[in-house]
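Coordinate analysis (summary)
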Amino acid sequence: DTAVSQTPKYLVTQMGNDKSIKCEQNLGHDTMYWYKQDSKKFLKIMFSYNNKELIINETVPNRFSPKSPDKAHLNLHINSLELGDSAVYFCASSTLPAETQYFGPGTRLLVL
Amino acid sequence: SQQGEEDPQALSIQEGENATMNCSYKTSINNLQWYRQNSGRGLVHLILIRSNEREKHSGRLRVTLDTSKKSSSLLITASRAADTASYFCATPPNQGAQKLVFGQGTRLTINP
């Protein structure tokens, strides 16, 4: 069984569109994260939720809006996509913040 | 600037040799973690070492932590082609932080 899953795996879209990425974890963890990995492999945290409550909101454009309907799910909605949003987006989860994290397979977003 | 910085940025060795990667960080931490990322995949947790530990082993992996020098090393013994991947260290940016900051990684290539 997949521990942390993300959909879709690939997303190719035009500039200006709105898109969503979904994440689910079946590990029973309380904390979930969204990371962005750029073309140079630099991995940067975007958001973190603990028990459905937002605890980390890094300097991210407000076009990005996370939503956690329950502890097992953390979705990411992106409005008005820009070329610079092209990257790989990873979801992760952990029992506690800053402890061992379990990553999803990533969503490769390409904005044309 | 980054909390954790890996060195070297890239390492290429022959199968069977040992590989050593280093990570330096700037602030006091309560744990340091190493992750592996195979090409096109998510990150996989390898080892977590706490600030009161000096060395930790897991199979062919050995991690050391020197809090006085604010550095850690990851040693992979008897390398295999399957060890080809990028290796990242991650630390909380300060004690009590609820997130991890990842370095830019060491790209390890094992040549058959």
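The written sequence of each chain sets the order in which its residues are numbered from 1. To read the labels, note that chains go from A and ligands from 1, taken in the order they are written. Local features are withheld for residues below a pLDDT of 70 in this predicted model, meaning they are given only at 70 or higher, and side-chain atom pairs are given and counted only at 80 or more; totals for whole chains, interfaces and linings count all residues. Side-chain metrics rest on all non-hydrogen atoms present in the structure, leaving aside hydrogens and water.

With respect to the sheet that holds strand 8 (residues 73-78) of chain A
Residues and elements named next belong to chain A.
- Paired strands, in this sense, are two strands between which DSSP finds at least two bridges. Under the DSSP-based scheme used, a helix requires at least four consecutive residues in state H or I and a strand at least two consecutive residues in state E, with every element numbered from the N terminus. Taking strand neighbours across the sheet as the criterion, the four strands line up as 1-3-8-7 in an open arrangement whose pairing is antiparallel. Since the sheet does not close on itself, it has two edges, and those belong to strand 1 (4-7) and strand 7 (64-70), each with one partner. Here the average twist between neighbouring strands, direction ignored, is 20°. Each axis is a line fitted through C-alpha atoms, taken for helices only over the stretch in contact, and angles between the N-to-C directions span 0 to 180 degrees.

So, the confidence of the model for chain A
- On average, chain A scores 95 in pLDDT, and the residues at 70 or more come to 99%.
- Per residue, pLDDT measures the predictor's confidence, with a range of 0 to 100. The element-level mean pLDDT for chain A is lowest in strand 6 (residues 53-57) of chain A, coming to 91, with strand 3 (residues 19-25) of chain A highest at 98.

Overview of the state of the cysteines
All names here are of chain A.
- When two cysteine sulfur atoms are found within 2.5 Å, that pair is recorded as a disulfide. For the structure shown, the criterion picks out two disulfides over all chains.
- Note that cysteine 23 is cross-linked by a disulfide to cysteine 91, the S-S spacing being 1.8 Å. Classification of the bridge connecting cysteine 23 and cysteine 91 rests on its S-S torsion, roughly -75°, and on that basis the disulfide is left-handed. Of this pair, cysteine 23 sits in strand 3 while cysteine 91 is found in strand 9 (residues 87-94), placing the two residues 68 residues apart along the sequence.
- Accessible area is worked out with a 1.4 Å probe on protein chains only. A residue is then buried under 20% of its type maximum, exposed over 50%, and partly exposed in between. Judged by its relative accessible area of 0%, cysteine 91 is buried.

Quick look at the environment of tyrosine 25 of chain B
- Structurally, the position occupied by tyrosine 25 of chain B is in the loop between strand 3 (19-24) and strand 4 (31-37).
- C-alpha separation for the pair tyrosine 25 of chain B and proline 112 of chain B, spaced 87 residues apart in sequence, amounts to 33 Å.

Remarks on the interface of chain A and chain B
- By the convention used here, residues are in contact when the closest approach between their heavy atoms is within 4.5 Å. The interface is formed by 21 residues belonging to chain A together with 20 residues belonging to chain B.
- Buried area is calculated as the accessible area (1.4 Å probe) missing from two parts once they are joined, with the contributions of both summed. Here chain A and chain B share an interface that buries about 1700 Å² over both sides, 52% of which is from carbon and sulfur atoms.
- We define a salt bridge as a contact between a side-chain nitrogen of Lys or Arg and a carboxyl oxygen of Asp or Glu at a distance within 4 Å. Inspection of the chain A/chain B interface yields two salt bridges.
- Glutamate 99 of chain A is the partner of arginine 50 of chain B in a salt bridge, and the nearest nitrogen-oxygen pair spans 2.7 Å.
- In protein, a polar contact means a hydrogen-donor-capable atom and an acceptor-capable atom, both N or O and within 3.5 Å, with residues adjacent in sequence counting only if both atoms are side-chain atoms; elsewhere, any N or O pair within 3.5 Å suffices. On the surface where chain A and chain B come into contact, there are eight residue pairs in polar contact (both at pLDDT 80 or more).
- When contributions to the side of chain A that touches chain B are tallied by element, the ones reaching two or more residues are strand 4 (31-37), strand 5 (43-50) and strand 6 of chain A.
- Take the side of chain A that touches chain B: its biggest share by element is three residues, from strand 4 of chain A.
- Each residue receives one of three labels: charged for Asp, Glu, Lys and Arg, nonpolar for Ala, Val, Leu, Ile, Met, Phe, Trp, Tyr, Cys and Pro, and polar for the others, Gly being one of them. Tallied by class, the residues present in the side of chain A that touches chain B amount to twelve nonpolar, four polar and five charged.

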